[in-house]
Amino acid sequence: MINRRKFLQMSTAGVAAGAVGLGLPSVAAAQTGAPAAPPGTVGAPIRRYSGTDLDSWEMVLGDGLWTATGQAPPAVSDLAAAHYGSHSTLSANVWQRGVMAHNINFRRIIDDEALNNVHACSFEFRLPYLPEIGAWPNNIQTIEGGLFVWDGGGIRKDIGVGFQWLLNPWMADQGDVRYWHRGKQGSWKSGGYLEPDMQWHKMEFVVDPTRNTGSVVLDGVELSSHWVAENKEGWGTETAARLQLELISLWPGDNSTAPRSETEFRNWYWDWYTPA
């Protein structure tokens, strides 16, 4: 049976002991707005990118894919992004086929200075439905996101932080909030728990390529996380920073149909700071 905790359970030593088990405040009431200046920086942001929705972002098919017998493999045509000014709705497996499709929307800035600055970002996300066993027409596998800088002209590694909220209701660890862990191939590791709900939540990332550090904060509570640096085959020689927001549709097994998945995103900020 899933433990229906109403709080995030941290495993990081960097979080004060008194924070473990705290009930989280309403994001809409207390957590909106731009990210605070991260430690180890000086002055105000030297750049700010922001928006209320994800209009003009790029959309690609990710690698979290599955194809049931008799189905065509997932393609970009199985994804959608709708922008309403107040928020964006990202969708995966829009035709409700027997596939698992991975929708990645990202904002990319190509600039050598990305390696010389500290990056702080925030965004809000929400499920417009509850992921439950047998739910139709909407259900979901995961919500994900990350902030990375690709050093294509130097060490040729993709450096940054990432998170995943596991939402598949058939899985015993539904509600796990995971972080992308460094390793030869990389892997997801549990860093906390968030009860699946339909409320707005706020995620904040910090990536500091000058010190090889990063952090992940959900609803004002720091999660266990890792700064990662990974090789990427076939990537270019440019320096490019990117903020990416994602969802993966429900794993269908070998069924010929599966639910559509949707997630709403809004109020994103991405600030660049000079390191101290």
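Residues numbered from 1 in each chain as written. Predicted model: local features only at pLDDT ≥ 70, side-chain atom pairs only at ≥ 80, totals over all residues. Heavy atoms only, no water.

Counting secondary structure elements, the protein contains one helix and 18 strands. Burial statistics for the protein: of 276 residues in total, 53% are counted as buried. Across the protein, the fraction of contacts at a sequence separation of at least 24, relative to all contacts at a separation of at least 6, is 76%. Entry remark: accessible area of the protein is about 11900 Å², with carbon and sulfur atoms responsible for 52%. (Helix = DSSP H or I, 4+ residues; strand = E, 2+ residues; numbered from the N terminus. Buried < 20%, exposed > 50% of the residue type's maximum accessible area, 1.4 Å probe, protein only. Contact = heavy atoms within 4.5 Å. Areas by Shrake-Rupley, 256 points an atom, 1.4 Å probe, with all protein chains shown as cover.)

Time to look at the side chain of Q141. In this structure, Q141 sits in the loop between β8 (118-126) and β9 (142-151). Owing to a relative accessible area of 11%, Q141 belongs among the buried residues under this scheme. In this structure the side chain of Q141 is engaged in a polar contact, spanning 2.9 Å, whose partner is the side chain of N168. With residues near it in sequence (within four places) discarded, Q141 still touches M100, W165, L166, L167, N168, M171, I248, S249, L250 and W251. (Polar contact = N/O pair within 3.5 Å; in protein donor to acceptor, adjacent residues only side chain to side chain.)

Counted by the stated rule, this structure contains 14 aromatic pairs. For the ring pair F125 and W165, a centre distance of 5.9 Å and an interplane angle of 70° mean the geometry is edge-to-face. Here F125, found in strand β8, pairs with W165, found in strand β10 (residues 158-166); they are 40 residues apart in sequence, far enough to count as distant. The burial state of F125 is the same as that of W165; both residues are buried. Linked through ring pairs, F123, F125, F163, W165, F205 and F265 together constitute an aromatic cluster. (Phe/Tyr/Trp six-rings, centres within 6.5 Å; stacked < 30°, edge-to-face > 60°.)

Membership of the largest hydrophobic core comes to 41 residues, with the highest contact counts inside it found for F163, F205 and W270. Every element with two or more residues in this core is listed here: β5 (88-92), β8, β9, β10, β13 (201-208), β14 (213-218), β17 (239-248) and β18 (261-275). Apart from the residues within four sequence positions on either side, W270 is in contact with R47, R48, Y49, R107, I109, H119, A120, C121, L147, A241, R242 and L243. (Core = buried A, V, L, I, M, F, W, Y, C linked by side-chain atoms within 4.5 Å.)

Let's shift gears to the environment of V161. For V161, the position within the fold is in strand β10. Judged by its relative accessible area of 0%, V161 is buried. When the C-alpha positions of V161 and G145 are compared, they lie 8.7 Å apart, and in sequence the two are 16 residues distant.

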